[in-house]
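Below are the chains, spelled out letter by letter.
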Amino acid sequence: MSGEAIAFYVLAAVTLGSGVVVVTSPNVVHSAVALVPTFLGVTGIYVLLSAEFVAVIQVLIYAGAITVLILFVIMLTEGGTGIRARQRNEQGAIGAAVAAAMAGLLIAVAVRTPWARLPGTLPTYTPGAIGQSFLGPNLLVFEGTSVVLLVSLVGAIVIARKEE
Amino acid sequence: MTWADLSLIAPELALAAAACAALLQDAWATGPALESRSRGPAAAWIALGGVCAALLLLGVRPAGAAQVGFAGMYVRDGITRVVDLAALAAAGLGVMLSPPYLERFRLPAGEYHALLLLSTAGAMLMGASRNLVLLFLGLEMLSFPLYVLAALARRSRRSQEAGLKYLLLGAFATAFFVYGVALVYGASGTADLSRLGRAPDVPLLHAGVAFLVIGLGFEAALVPFHAWAPDVYEGAPMPATAFMSVIAKVGAFAGLLRLFPQALPQLAPAWGQMLAAIAVATMILGNLAALAQSNVKRLLAYSGVAHAGYILIGIASGGPAGSSAVLYYLLVYVAMNLGAFGVLLLLERRGEEADRVEDLAGLLGRAPWAAVVLAACMVSLAGLPPTAGFIAKLYLFRAALQDHRVALALVGALTSVVSVYYYLRVASVALSAGAADAVAVRHSRFAGVGLALAAAGVLWLGIVPGAITALVQQAVQALR
């Protein structure tokens, strides 16, 4: 097994393991903090795929900003840090069975697919190249995303604003 | 990007501009107050202006060869044209039918109209996608406003619950869609729909396509991804329910059309079987569940599930016949479903929505025109002549028979017979004598024009379907 494969399996295990903590821990703060190793594991996989820019953004936005934001929300909610909630209900077994079946199916598919090895080298994913692609071939998607963000803003304000 | 690219998306741009104008007008009229006080119809007029401008921009562009823009991501062809028409009809009717309700229940008009327009633009983007990334963006732009619209009634716990439920399940389904995009890209090396046809037939491609169906099937409320529909339809404010019931179907089926008959004809035997099975399950479950409902919103939710099953017949049959039947059905569905919801929007039971079947009793005596429109829409939903629902179902079943899917057509016809019972029950209550004293009928000229347009659509498409049939057949000419 190559070093790269070992690194991938370790990172995948970290991501999966802490992800399971996020969705099972009865303590909401534990769930929020367990997001950090999940995001960092994904970051490691991005680095393995030589997508360094995306990896840096992942650390900045997800591991940094979003986790902190979630913790702030918990802190500012009344009784937030003390919330204890069971995250599973009586349908947990069914859900686990479906998830296991789907994972088995995907693994079987991935193993049986003949992966094409294309010639050539990877294009460089520098910030400059990504910016060019946003304002070039992907312009419509880039601008459309801003519309989706506008909708999220409007929605957040409309739902959360103070009663008169 | 060039001017040619910009002119391609002119209808979407008109909607986005009108949405911003509606928001700004609302902010301007409200001033420093926390809640909007402008209950006037200004936002509705702006939204209606945007829809009319988009329709005009759609109309002035000559129908001809497909035009591709934005580095091959966006295509404006016959299918785009019909999908745009259906989406804009849904937006126009949605805007016209809601002002009385918004005023009565003090919902924020500016935000309502802006979100409605942006959601419409999302459905139109889905119909114009030539790339999986754009299809995903369209799906997001379609569904995000719908999540907010479902939760728009802030004083109602049920509305909040509906919004949260829709958001959580929708995010889950969207995650499957994105995973599907990644798998398809991994299998074929491209996200370009026009190049998927040459992709190697590997298991990974099949897995990816199955995940894409989960994402789109959730939005269309296909069984087994329909569980959200009754609760969200019931909890959401009724204008939002009415609009989402049609626009989500327009967007989702436009995406399915782009994906299956158009991009992956070489895999037709595989996905045809899968979609046919989903269609059968959807038609049976939707119609049987609708039989037991006493709440009209829930009844129409299950009826929406059932109709998603009928429309899927056309996708599963594939080819020009199936695709044109899908497009025709979408247009008809917009008119008849919004017509039915439009009548309910006029009613009020002691400061609440009148959403029980018995609330409709004696409607004929108090609002004869509304009762007649409701009856016409119910007859059309049941698929009986001389209404549009009959012709639309006929096209679908004919497409299934042409593709030698007799079982599909048979299940469709039998479940339609079942559906006659619950649709005509609603119609007969509305046309019966007797009065539900607590229920008041609000008259509104704006909503009246909207209802008249919906009813005219239902009858026109049913009696003289020639022009629209020609339009949808021309739209799918390019299909193999």
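Reading guide: rules and limits
- Numbering of residues starts from 1 in each chain and follows the order in which that chain's sequence is written.
- Starting at A for chains and at 1 for ligands, labels are handed out in the order in which the entities are written.
- Note on the predicted model: pLDDT of at least 70 is required for a residue's local features to be given, and 80 or more for side-chain atom pairs to be given and counted; whole-chain, interface and lining totals, by contrast, use all residues.
- Hydrogens and water are ignored here; the side-chain numbers use all heavy atoms of the structure.
- Any two of the Phe, Tyr and Trp rings considered here, Trp counted by its six-membered ring, make a pair once their centres fall within 6.5 Å; the pair's planes then place it as stacked at under 30 degrees, edge-to-face at over 60, or tilted in between.
- Burial classes: relative accessible area under 20% of the type maximum marks a residue as buried, over 50% as exposed, and values in between as partly exposed (1.4 Å probe, protein chains only).
- What makes two residues a contact is simply this: any of their non-hydrogen atoms within 4.5 Å.
- In this description, buried area is defined as the sum, over both parts, of the accessible area (probe of 1.4 Å) that is lost when the two are combined.
- Any carboxyl oxygen of Asp or Glu that lies within 4 Å of a side-chain nitrogen of Lys or Arg is treated as forming a salt bridge with it.
- Where helices and strands are cited, they refer to DSSP runs of H or I of at least four residues and of E of at least two residues respectively, numbered from the N terminus.
- Throughout this entry, Asp, Glu, Lys and Arg are counted as charged residues, while Ala, Val, Leu, Ile, Met, Phe, Trp, Tyr, Cys and Pro are counted as nonpolar. The remaining residues, Gly among them, count as polar.
- Every axis corresponds to a line fitted to the C-alpha atoms, with the helix fit spanning only the stretch in contact, and the corresponding angles, defined between N-to-C directions, vary from 0 to 180 degrees.
- Angles below 35 degrees are treated as roughly parallel, those above 145 as roughly antiparallel, those between 65 and 115 as roughly perpendicular, and all remaining angles as oblique.
- Handedness of a helix crossing follows the sense of rotation of the near helix relative to the far helix, less than a right angle counterclockwise being left-handed and clockwise being right-handed.
- Paired strands, as defined in this entry, are two strands with at least two bridges between them according to DSSP.
- We call a set of buried Ala, Val, Leu, Ile, Met, Phe, Trp, Tyr and Cys residues a nonpolar core when their side-chain atoms join them within 4.5 Å.
- Annotation comment: domain bounds sourced from an automatic or database domain assignment.
- As a per-residue measure, pLDDT reflects the predictor's confidence and takes values from 0 up to 100.
- An expected span of 1.5 Å times one less than the residue number is assigned to each helix.
- Cysteine sulfur atoms that pair up within 2.5 Å are treated as a disulfide.

A.B. asks: I'd love a proper account of the packing of aromatic side chains, names of residues and values included.
C.D. replies: The way to describe two aromatic rings as a pair is by their centre distance and the angle between their planes. All names here are of chain B. Per the stated rule, a full pass over the model turns up 19 aromatic pairs over all chains. A ring pair is formed by Y422 and Y423, whose centres lie 4.5 Å apart and whose planes are at 45 degrees; its orientation type is tilted. Note on accessibility: Y422 and Y423 belong to one class, buried. An aromatic cluster is present here, built from F144, Y147, Y166, F218, W228 and Y233 joined pairwise through their rings.

A.B. asks: Outline the interface of chain B and chain A, supporting the account with residue identities and numerical values.
C.D. replies: Counting residues at the interface gives 38 residues for chain B and 27 residues for chain A. Both faces combined, the contact of chain B with chain A buries some 3,000 Å², and carbon together with sulfur accounts for 78% of it. Inspection of the chain B/chain A interface yields 0 salt bridges. Contributions of two or more residues to the side of chain B that touches chain A are made by α6 (109-127), α7 (132-150), α8 (157-188) and α9 (203-220) of chain B. In terms of residue count, α7(B) provides more of the side of chain B that touches chain A than any other element does, 8 residues in total. When its residues are assigned to classes, the side of chain B that touches chain A shows 31 nonpolar, 2 polar and 5 charged.

A.B. asks: Explain the packing of α8(B) against α9(B) to me, and be specific about the residues and the numbers.
C.D. replies: Residue and element names in this part refer to chain B. Across the interface, α8 lies against α9 with an axial gap of 7 Å and an inter-helix angle of 155 degrees. Considering their axes alone, α8 and α9 lie roughly antiparallel with respect to each other. As for the relative orientation of α8 and α9, their crossing is left-handed in sense. Of the residues assigned to the contact of α8 with α9, the class counts are 19 nonpolar, 5 polar and 1 charged.

A.B. asks: Describe the sheet that holds strand β3 (residues 347-349) of chain B, naming the residues involved and giving the relevant values.
C.D. replies: Two pairing modes exist for strands in a sheet, parallel and antiparallel, and in both the strands are linked by backbone hydrogen bonds. Residue and element names in this part refer to chain B. The strand order across the open sheet built from 3 strands is β4-β3-β5, with neighbouring strands paired in antiparallel fashion. A strand with exactly one partner marks an edge of an open sheet, and here the two such strands are β4 (352-353) and β5 (439-441). Two strands pair when backbone bridges link them, and β3 and β5 are joined in this way by 3 bridges, in the antiparallel orientation. Across the sheet, residue L347 finds its bridge partner in β5, namely V441.

A.B. asks: A description of the nonpolar core should follow, citing residues and the corresponding values.
C.D. replies: Grouped burial of nonpolar side chains is what soluble globular proteins tend to show. Of all hydrophobic cores here, the largest spans 207 residues; its most connected members are B:F253, B:F260, B:L360 and B:L363. Sorting elements by how many residues they give to this core places helix α14 (residues 319-346) of chain B first, with 19 residues. Contact partners of B:L363, with chain neighbours within four places excluded, come to B:V343, B:L347, B:P368, B:A370, B:A371, B:L374, B:A430 and B:V441. Core analysis: the second largest hydrophobic core is formed by 5 residues, A:V22, A:L35, A:F39 and A:A63 among them.

A.B. asks: Outline the pattern of salt bridges, supporting the account with residue identities and numerical values.
C.D. replies: Residues and elements named next belong to chain B. A complete count under the given rule lists 16 salt bridges over all chains for this structure. With its nearest N and O atoms 2.9 Å apart, the salt bridge here joins D77 to R258. Here R258 lies in helix α11 (residues 238-263) and D77 lies in the loop between β2 (74-76) and α4 (78-97), a separation of 181 residues in the sequence. Of the two residues, D77 and R258, neither departs from the other in class, the shared state being buried. Of the charged contacts in the structure, one is a salt bridge between E161 and K165, with a shortest N-O distance of 3.1 Å.

A.B. asks: I'd like a rundown of the domain arrangement of chain A, residues and numbers included.
C.D. replies: You'll often see interface size given as the accessible area lost when the parts meet. Along its sequence, chain A is carved into domain 1 (1-83) and domain 2 (125-164). Here the C-alpha centroids of domain 1 of chain A and domain 2 of chain A sit 23 Å apart.

A.B. asks: Could you give me a rundown of the confidence of the model for chain B, with the residues and numbers involved?
C.D. replies: Residue and element names in this part refer to chain B. In this model, chain B carries an average pLDDT of 91, and 98% of its residues clear a pLDDT of 70 or more. The least confident element of chain B, judged by mean pLDDT, is β4 at 83; the most confident is α7 at 96. Both confidence scores are given for the complex: pTM 0.94, ipTM 0.92.

A.B. asks: I'd love a proper account of the packing of α4(B) against α11(B), names of residues and values included.
C.D. replies: Residue and element names in this part refer to chain B. Direction vectors running N to C along α4 and α11 enclose 170 degrees, while the axes themselves pass 9 Å from each other. As summarised for this structure, α4 and α11 are arranged roughly antiparallel, according to the angle between their axes. Taken together, the residues of α11 that come into contact with α4 (itself represented by I79, T80, V83, A86, A87, A90 and A91) are F243, V246, I247, V250, A254, L257, R258 and Q262. When its residues are assigned to classes, the contact of α4 with α11 shows 12 nonpolar, 2 polar and 1 charged.

A.B. asks: Can you tell me about the environment of B:L327, naming the residues and giving the values?
C.D. replies: All names here are of chain B. By secondary structure assignment, the location of L327 is in helix α14. In this structure L327 comes out as buried when scored by relative accessible area, which is 1%. Once the C-alpha coordinates of L327 and A475 are considered, the two residues, 148 residues apart in sequence, prove to be 8.9 Å apart. Ignoring sequence-local partners within four residues, the contact set of L327 consists of I79, V82, V83, L257, V472, A475 and V476.

A.B. asks: An account of helix α16 (residues 368-382) of chain B is requested, with residue identities and associated values reported.
C.D. replies: Residues and elements named next belong to chain B. Taking 1.5 Å as the rise per residue, α16 with 15 residues should run 21 Å; its terminal C-alpha atoms sit 21 Å apart, in good agreement. When you tally the buried positions in α16, you get 11 out of 15 residues, the bulk of the element. Every buried residue of α16 is listed here: A370, A371, V373, L374, A375, A376, C377, M378, S380, L381 and A382. Residues of α16 that are buried sit in contact with α13 (296-317), α14, α15 (363-366), α17 (388-402), α18 (406-431) and α19 (445-463). Looking one or two residues beyond α16, the residue adopting positive phi is G383, at roughly 85 degrees.

A.B. asks: Help me get a handle on unusual backbone geometry, residues and values and all.
C.D. replies: Residue and element names in this part refer to chain B. A cis geometry characterises the amide bond from V223 onward to P224, with omega recorded as 5 degrees. Mapped onto the secondary structure, P224 falls in the loop between α9 and α10 (228-235). At the junction of P385 and P386, the peptide bond is cis and its omega measures out at 5 degrees in the coordinates. Along the chain, P386 turns up in the loop between α16 and α17. Located in the positive-phi region is F70, a residue other than glycine, with phi close to 55 degrees. Structurally, the position occupied by F70 is in the loop between β1 (67-69) and β2. The phi dihedral of H404 falls on the positive side, at around 60 degrees, and the residue is not glycine. Position of H404 relative to the elements: it lies in the loop between α17 and α18.

A.B. asks: Outline the state of the cysteines, listing residues and values.
C.D. replies: Residues and elements named next belong to chain B. Evaluation of the coordinates by the stated rule reveals 0 disulfides over all chains. Summary of cysteine pairing: C52 is not part of a disulfide, and the nearest cysteine sulfur, belonging to C20, is at 18 Å. Here C52 falls in the partly exposed class, since its relative accessible area comes to 44%.

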